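Commentary on secondary and tertiary structure
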Amino acid sequence: MPVMSMFAPTPLFRHAGITVAACLLIAAALTALGQGLWDVNLAYSLAIGLISWLSIDLLRLRWRESDDIPWPRGMRGMALVPLGIAAGLVLGNPLGSLYVQQFHPELSAAARPSLWLPFAITMATSIAMSWGFYVVGKSRHLQMQAEQARRQAAEARLGLLQAQLEPHMLFNTLANLRVLIASDAPRAEQMLDHLIAYLRATLAGSRSGTHSLASEFALLTDYLALMQIRMGDRLSYSLTLPAELAALPVPTLLLQPLVENSIRHGLEPQLAGGHIAVQAGMLDDSRLLLSVHDNGLGLPVVAGQLPSGSGFGLQQIRERLASRYGGAARFDLTADSAGGTRACIALPLKSQP
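An account of the accompanying structure is given in this report. Owing to the predicted nature of the structure, the values given are computational and were not obtained by experimental measurement.

1. Remarks on the environment of D285
Structurally, D285 is set in the loop between β4 (274–284) and β5 (287–294). Judged by relative accessible area, D285 falls into the exposed class, the value being 77%. Considered as a pair, D285 and L349 are 64 residues apart in the sequence and their alpha carbons are 8.8 Å apart.

Okay, structure coming up:
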């Protein structure tokens, strides 16, 4: 791997800016304490400080064990700061002396600034800044690990959600197939076709984590077709997806728990069944609005709270949205004034980092 490919320009430039600011403060402090001229102090401070910083940062990047860990471990990590300070003093002092010779030749050697105070300040500042850079880098590393762990946990819970939803639907479907094979072979064949398409789409979606909104609606179409064959005239449905929104990426199985929840808790317990409407639209210029509305029994508890027995799937939706979009996504479950339940998901068009 080329050496330059290991360097991260943005942190280096940020550290350089912080180092220059620290050098300016050191020069101002030395001048205020009567330790020489402002420009002489600044020359020494910049020469020593920048060389110390550059030595520490370049050695840190060269010796780190991986891109994820910003500081080398063991003796190398402990030796970084002393080596950087030594390099700054050995190489920076001659540069400061050269500046004095060029711009202040009238200063005799005795009149030049004493080195013990700049040395002490340089050492203290280098140690403090290196510790600060290390703490910030470690904090970011831990945040990245925590975010990755949250995403992995969300995907694991998605797998658990699939494991919970699919057997329930699969066993019911197979039971209906067994009856239909003997009584209505064409309907049995139709149900089997939808089941194969549904399982194929579910398997593909579980591997990628996201898919297009069109794929999500296609999966819902197969799922609802299966449920309609099972429930007969007791279930009707409509899916509305504008063509301009079809290619937008969404998390897999985002809407199915809502549709499954509507059937299980809203329509199946109702003798007459009912209707489910799934719609996609734009809430504004930057947010996608997805809704699932049924005219079933409605929420058995206070509006806005989780229906009894359906908390698992709905909680997974909330956690997945929080993991992928942070606070930019919203999920609302409310009782409809005309009866039934309405679930709405608002997503930003761009995922959060």
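There is more to say, and it comes next.
2. Concerning the pattern of salt bridges
If you walk through the whole model with that rule in mind, you get four salt bridges. The residue E268 makes a salt bridge to R230 at a minimum N-O spacing of 2.8 Å. Taken as a pair, E268 in the loop between α7 (256–267) and β4 and R230 in helix α6 (residues 213–231) lie far apart in primary sequence, 38 residues in all. The exposure class assigned to E268 is partly exposed, which follows from its relative accessible area of 27%. The class of R230 is partly exposed, set by a relative accessible area of 22%. For D332, the salt bridge identified is with R330, shortest N-O distance 2.5 Å. Here R330 falls in the partly exposed class, since its relative accessible area comes to 36%.

3. Some points on the sheet that holds strand β6 (residues 330–335)
Taken in spatial order, the five strands make up an open sheet running β2-β4-β5-β7-β6, and their pairing is mixed. Across the chains shown, the open sheet's two edge strands, defined by having one partner strand only, are β2 (235–240) and β6. Ignoring which end each strand starts from, the neighbouring axes of this sheet average 15° apart. Where β5 and strand β7 (residues 341–348) come together, eight bridges link them in antiparallel fashion.

4. Side note on a nonpolar patch on the surface
On the surface, V20, L24 and W38 cluster together to form a nonpolar patch covering roughly 250 Å² of accessible area. Inspection of the secondary structure assignment puts L24 in helix α1 (residues 9–32).

5. Digging into the side chain of S45
Within the fold, S45 resides in helix α2 (residues 38–63). Taking relative accessible area as the criterion, S45 reaches 9% and is therefore assigned buried. The contact partners of S45, leaving out residues within four places of it in the chain, are C23, I26, A27 and L50.

6. Re unusual backbone geometry
Phi is positive for L253, which is not a glycine, with a value near 55°. Mapped onto the fold, L253 is located in the loop between β3 (249–251) and α7. By relative accessible area, L253 is classed as buried at 4%.

7. Comments concerning the pairing of β7
Along β7, seven of the eight residues are buried, which leaves the element largely enclosed by surrounding structure. Sheet analysis places β6 next to β7, joined by six bridges and oriented antiparallel. Counterpart to L333 in the pairing with β7 is A343. Hairpin connection from β6 to β7: five residues lie between these consecutive antiparallel strands, with G339 at a positive phi of about 105°.

Thresholds, definitions, all that
Residues numbered from 1 in each chain as written. Predicted model: local features only at pLDDT ≥ 70, side-chain atom pairs only at ≥ 80, totals over all residues. Heavy atoms only, no water. Helix = DSSP H or I, 4+ residues; strand = E, 2+ residues; numbered from the N terminus. Buried < 20%, exposed > 50% of the residue type's maximum accessible area, 1.4 Å probe, protein only. Salt bridge = Lys/Arg side-chain N within 4 Å of Asp/Glu carboxyl O. Pairing = 2+ DSSP bridges. Axes fitted to C-alpha atoms, helices over the stretch in contact; angles between N-to-C directions. Patch = residues over 30% accessible without salt bridge, like charges linked within 9 Å, V, L, I, M, F, W, Y side chains within 5 Å. Areas by Shrake-Rupley, 256 points an atom, 1.4 Å probe, with all protein chains shown as cover. Contact = heavy atoms within 4.5 Å.

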